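One-letter residues, chain by chain:
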Amino acid sequence: MFDIDNIREIWATITRNKTRSFFTSFGVFWGMLMLMVTLGFGLGIERNMLNQWGETSPNAAFFFQGTTSMPYKGFKRGRRIQYKRDDIKALINQFPEIENISPVIWGNVIKKMTHADKSTENLQCIGLSSAYNVINPCHILEGRFINDIDVQQSRKVCVIGSKIKNTLFGSDKATGSLVWVNGTAYTVIGVMEKQADINIFGDPEESIYTPYTTLAQTSNIGDNVHCIGLSISKSVNVRDFESEAVAFLKERHNVAPEDEQGVGHFNTKQFFDTFANLFLGLRILIWIVGLGTLAAGIVGISNIMLVTVKERTQEIGVKRALGASPFVIIRQIMNESLLLALIAGVVGLFVGVLIGAGAESMLSSMPQDNQFVDGVYVPFGVALVVLGILVLSGLLSGLLPAYRAVQIKAIDALRDE
């Protein structure tokens, strides 16, 4: 479509009126710049929000104890539903799609936890199984997580949060050491930190995880379970599963099917879907604003090309008289509008990338907790889409001027003064 002579002719035409060409192309430059910058920040905010979930399973569901809101089968309203370990076995037998399941037991707030001459207070203790670190994982900094043998043998072991470790052990190694929890000795088998900013049961860095069987013994609660967490196969819709599991638990505990308070529950997919819908709306808004600004610049190019065609009536007439076909005239005009749009758009894209890199450098110097975006950049695939839109827009901007040009008759053009 382009050759050297053609490019020289186009460039000569564009630079014939530098001021007009500059202000015409500035609209395209500004539209591309706005699109790249807003896309970069928008996608960075989206990545940051999704990172707050870490590797939490999007197909996880949690079932809490509830209080009945209506009488049913001779039971009065206001009855507290108490889950048992048998409920976990029943769920596994009833729903083969369950891949991981863990009871969750909350212990009393730890009044004092000590090691040597150091202590810390008011900590959260949670009893779990090994499967919990798949459903809602934390990052193990040192040692390991609870395993099945710890649960089966009700070992007095614990995984402590990184902030607890720093308070009690400082820079020393914590695993293998004894800590005293409300007067009972536990062996530290691991140190953990939060993998994401959103955690379902509090901050792991300030918590203590023990085998649920151990916590049940020390808390004297028998086989009671406060919550059941599980994850299912990705091929199964977690919303449908949740409804079926709630109905199953209601039947086991004599809760009226229409009682919405008897069994507390939620699934992680609803949170992922909420974020997805939120950022879909944000993306649509960004594209509308960016493309709208770009479209204004493209319209400006089209208008200026119409003026240019009018000014070059004699030139076009001479070309037609010398035998130039309508295709040659159309190609000439469309090439000019395309090149003008490409130059302005690519410069805008490049400046947008530089602004994103500068913003990312500034954000990287800020504390991690204060950052609200995860990288101010546009993925390569999205940048290619933007360039494709730019090329298409440049061609479209030349359509009307090219049509006007081919309507010029050679004899009328030569008479034009």
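What comes next concerns the included structure. Computed from a predicted model, the values in this text were never measured in an experiment. (Residues numbered from 1 in each chain as written. Predicted model: local features only at pLDDT ≥ 70, side-chain atom pairs only at ≥ 80, totals over all residues. Heavy atoms only, no water.)

1. A short note on the pairing of strand E13 (residues 227-232)
Thinking step 1. With 6 of 6 residues buried, E13 lies mostly within the body of the structure.
Thinking step 2. The two faces of E13 match: Cys227, Gly229 and Ser231 on one face and Ile228, Leu230 and Ile232 on the other face are all buried.
Thinking step 3. Bridging between strand E1 (residues 60-65) and E13 involves 5 bridges; their strand directions are antiparallel. Within E13, the residue paired with phenylalanine 63 across the bridge is isoleucine 228. (Buried < 20%, exposed > 50% of the residue type's maximum accessible area, 1.4 Å probe, protein only. Helix = DSSP H or I, 4+ residues; strand = E, 2+ residues; numbered from the N terminus. Pairing = 2+ DSSP bridges.)

2. Details of the packing of aromatic side chains
Thinking step 1. Under the definition given, this model contains 9 aromatic pairs.
Thinking step 2. Considering the side-chain rings of phenylalanine 95 and phenylalanine 248, the 5.8 Å spacing of their centres and the 85 degrees angle between planes classify their relative orientation as edge-to-face. Note that phenylalanine 95 is positioned in the loop between helix H3 (85-94) and strand E3 (98-106) and phenylalanine 248 in helix H8 (residues 238-252), a separation of 153 residues in sequence. Both residues of the pair, phenylalanine 95 and phenylalanine 248, belong to the buried class.
Thinking step 3. In this structure an aromatic cluster arises from ring pairing among Phe62, Phe64, Trp106 and Phe266.
Thinking step 4. When the ring centre of phenylalanine 75 is taken as origin, the NZ or CZ atom of arginine 79, which lies over that ring, is 4.3 Å away. (Phe/Tyr/Trp six-rings, centres within 6.5 Å; stacked < 30°, edge-to-face > 60°. Lys NZ or Arg CZ within 6 Å of the ring centre and 35° of its normal.)

3. Looking at the pairing of strand E9 (residues 178-181)
Thinking step 1. Of the two faces of E9, only the one carrying Val179 and Val181 is buried; Leu178 and Trp180 on the other face are not.
Thinking step 2. Both strand E4 (residues 113-115) and E9 contribute to a ladder of 2 bridges, which runs antiparallel. What sits directly across from methionine 113, in E9, is valine 181.
Thinking step 3. With 4 bridges joining them, E9 and strand E10 (residues 184-193) adopt antiparallel strand pairing. When the bridges of E10 are listed, valine 181 appears paired with threonine 184.

4. Brief notes about the packing of H3 against H8
Thinking step 1. At a minimum axis distance of 11 Å, the contact between H3 and H8 shows a crossing angle of 135 degrees. Accordingly, the angle class assigned to the pair H3 and H8 is oblique. Pair H3 / H8 crosses with right-handed handedness. Along its contact with H3, which presents Asp86, Asp87, Ala90, Leu91 and Gln94, the element H8 presents Ala245, Phe248, Leu249 and Arg252.
Thinking step 2. Grouping the amino acids of the contact of H3 with H8 by side-chain chemistry returns 5 nonpolar, 1 polar and 3 charged. (Axes fitted to C-alpha atoms, helices over the stretch in contact; angles between N-to-C directions. Parallel < 35°, antiparallel > 145°, perpendicular 65-115°, else oblique. Left-handed = near helix turned anticlockwise from the far one by under 90°. Contact = heavy atoms within 4.5 Å. Nonpolar A, V, L, I, M, F, W, Y, C, P; charged D, E, K, R; others polar.)

5. Observations regarding the pattern of salt bridges
Side-chain pairs of opposite charge can arise where the charged atoms are in close proximity.
Thinking step 1. For the structure on display, the rule yields 8 salt bridges.
Thinking step 2. Salt bridges sharing common partners tie together Arg144, Asp150 and Arg155. (Salt bridge = Lys/Arg side-chain N within 4 Å of Asp/Glu carboxyl O.)

6. Details of unusual backbone geometry
Thinking step 1. We note that serine 154 has phi near 50 degrees; this positive angle belongs to a residue other than glycine.
Thinking step 2. As for its placement among the helices and strands, serine 154 is situated in the loop between helix H5 (148-152) and strand E8 (157-161).
Thinking step 3. Assessed through its relative accessible area of 17%, serine 154 is described here as buried.
Thinking step 4. At asparagine 220, a residue that is not glycine, the phi angle is positive and equals roughly 55 degrees.
Thinking step 5. Here asparagine 220 lies in the loop between helix H7 (212-219) and strand E12 (224-225).

7. Details of the side chain of histidine 226
Thinking step 1. Within the secondary structure, histidine 226 sits in the loop between E12 and E13.
Thinking step 2. For histidine 226, a relative accessible area of 18% translates into the label buried.
Thinking step 3. There is a polar contact of 2.9 Å between the side chain of histidine 226 and the backbone nitrogen of tryptophan 106.
Thinking step 4. Ignoring any residue separated from it by four or fewer positions in sequence, one finds histidine 226 in contact with Phe63, Phe64, Gln65, Tyr83, Val104, Ile105, Trp106 and Ile221. (Polar contact = N/O pair within 3.5 Å; in protein donor to acceptor, adjacent residues only side chain to side chain.)

8. What to know about the nonpolar core
Thinking step 1. In this structure, Phe62, Met113, Ile160, Val179, Ile208 and Tyr209 are the most contacted members of the largest nonpolar core, which totals 39 residues.
Thinking step 2. Of the residues forming this core, the biggest block, 5 residues, is contributed by E10.
Thinking step 3. Among all residues touching tyrosine 209, those that are not within four sequence positions of it are Ile126, Leu128, Tyr132, Cys138, Phe145, Ile146, Val157, Cys158, Val159, Met192 and Pro204.
Thinking step 4. Within the second largest apolar cluster, 28 residues are counted, among which are Phe29, Leu294, Val309 and Leu349. (Core = buried A, V, L, I, M, F, W, Y, C linked by side-chain atoms within 4.5 Å.)

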